[in-house]
Amino acid sequence: MNRTEYMKHLARRLKRLPKEDFNRAMDYFNEYFDEAGPENEAQAIEDLGTPEAAADAIVMDLAIASTKAPEKNMKRGLKNIWIGILGIFAAPIAIPLALAGVAVIAAIVICLLAVVFCVIVCAAAFAAGSVFGFVGSVILLFGSFSNGLVNLGIFTFCIGLAILVIWGAAIFGRWSINAIARGMSAVIGGKRNEKK
């Protein structure tokens, strides 16, 4: 096997990684071969091991590293979950067990995101209804000042409550994604320690 074949096999194994991680990994291996030079290409391939083993090590390292610090946005958190799933497949476990684990994780993620989405939609509908009630309360002020004032207070409270629920659901969603990513990192880290 020469450098070109090695890099082709490696790229095929890493193609499911996010683009920036894929490019970083490929750049690392290209630099490694460049530093070794054409005369030491065979030794560099021997030092790196098979492309499959090198790719698995990279995926597992990325999965563990991507969960060290909580992410600030949900897109990055979902990326970490994807890397974690790839890391599970890279771990030396039976494929049926890995598929079952991925199915369970996917079901948990879908359920959590569905709950968060439903809470946000319900709170948004509640807020929209409260805004119409608020406008109606302002109009009612001209007919019956005391009734309008009471309704105005109730609907102002409802708008604030809806905003608080939406904010809480968004924080819970972000926390859930990070918790799942950390859990996957622990599973992958444990499997990696078993491999050594």
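Bear in mind that the values here come from a model prediction, so they are computed numbers and not experimental data.

**Regarding the nonpolar core**
Moving on, step 1. Counting 19 residues, the largest nonpolar core has Y6, M7, L10, L14, F29, F33 and I58 as its most contacted members.
Moving on, step 2. Secondary-structure elements contributing two or more residues to this core are α1 (3-14), α2 (19-36), α3 (41-48) and α4 (51-65).
Moving on, step 3. Beyond its immediate chain neighbours, meaning those up to four positions away, I58 contacts L14, L17, A25 and F29.

**Overview of a nonpolar patch on the surface**
Moving on, step 1. A cluster of nonpolar residues, V115, V119, F126, F157, L161, L164, V165, W167 and I171, forms a patch on the protein surface that exposes about 830 Å² of accessible area.
Moving on, step 2. No other element matches the six residues that helix α7 (residues 145-195) contributes to the nonpolar patch.
Moving on, step 3. Residue position: I171 is located in helix α7.
Moving on, step 4. Accessibility expressed as a relative area gives 36% for I171, which makes it partly exposed.

**Concerning the pattern of salt bridges**
Moving on, step 1. Per the counting criterion, the structure on display carries two salt bridges.
Moving on, step 2. Between D34 and R3 there is a salt bridge, and its shortest N-O distance comes to 2.9 Å. Of the two residues, D34 is situated in helix α2 and R3 in helix α1; the sequence distance between them amounts to 31 residues.
Moving on, step 3. Overall, R3 belongs to the partly exposed group, its relative accessible area being 22%.
Moving on, step 4. In this structure, D21 engages R24 in a salt bridge whose closest nitrogen and oxygen atoms are separated by 3.1 Å. Here D21 and its partner R24 are both found in helix α2, three residues apart, which amounts to about one turn of the helix.

**Topic: the packing of aromatic side chains**
Moving on, step 1. Counted according to the given criterion, the structure contains five aromatic pairs.
Moving on, step 2. Here Y6 and F29 contribute two aromatic rings whose centre-to-centre distance is 6.4 Å and whose plane-to-plane angle is 45 degrees, an arrangement assigned as tilted. Placement of the pair is Y6 in helix α1 and F29 in helix α2, with a sequence separation of 23 residues.
Moving on, step 3. On the accessibility criterion, Y6 (0% relative accessible area) is buried.
Moving on, step 4. With 6.4 Å between their ring centres and 35 degrees between their planes, Y28 and Y32 make a pair best called tilted. Residue Y28 and its partner Y32 are located together in helix α2, separated by four residues, close to a single helical turn.

Here is what the cut-offs are and how they apply
- Numbering of residues starts from 1 in every chain and runs along the sequence as written.
- The predicted origin of the model limits local features to residues at a pLDDT of at least 70 and limits the giving and counting of side-chain atom pairs to 80 or more, whereas totals for whole chains, interfaces and linings rest on all residues.
- Excluded from the side-chain calculations are hydrogens and water; all other atoms, namely the structure's heavy atoms, are used.
- Note on terminology: a nonpolar core comprises buried Ala, Val, Leu, Ile, Met, Phe, Trp, Tyr and Cys residues joined through side-chain atoms within 4.5 Å.
- Think of it in three bands: with a 1.4 Å probe and only protein chains considered, a residue is buried below 20% of the maximum accessible area for its type, exposed above 50%, and partly exposed in between.
- Helical segments are the DSSP runs of H or I of at least four residues, strand segments are the runs of E of at least two, and each set is numbered from the N terminus.
- Throughout, a contact is declared for two residues whenever any of their heavy atoms are within 4.5 Å.
- Think of a patch as exposed residues, more than 30% relative accessible area, with no salt bridge, where like charges cluster within 9 Å and nonpolar side chains (Val, Leu, Ile, Met, Phe, Trp, Tyr) cluster within 5 Å.
- Under the convention used here, a 1.4 Å probe and the Shrake-Rupley method define accessible areas, while residue burial counts only the protein chains that appear.
- In what follows, salt bridge is the name for a side-chain nitrogen of Lys or Arg lying within 4 Å of a carboxyl oxygen of Asp or Glu.
- Classification of ring pairs rests on two measures: the distance between centres of Phe, Tyr or Trp rings, Trp counted by its six-membered ring, which must be within 6.5 Å, and the angle between planes, read as stacked under 30 degrees, edge-to-face over 60 and tilted in between.

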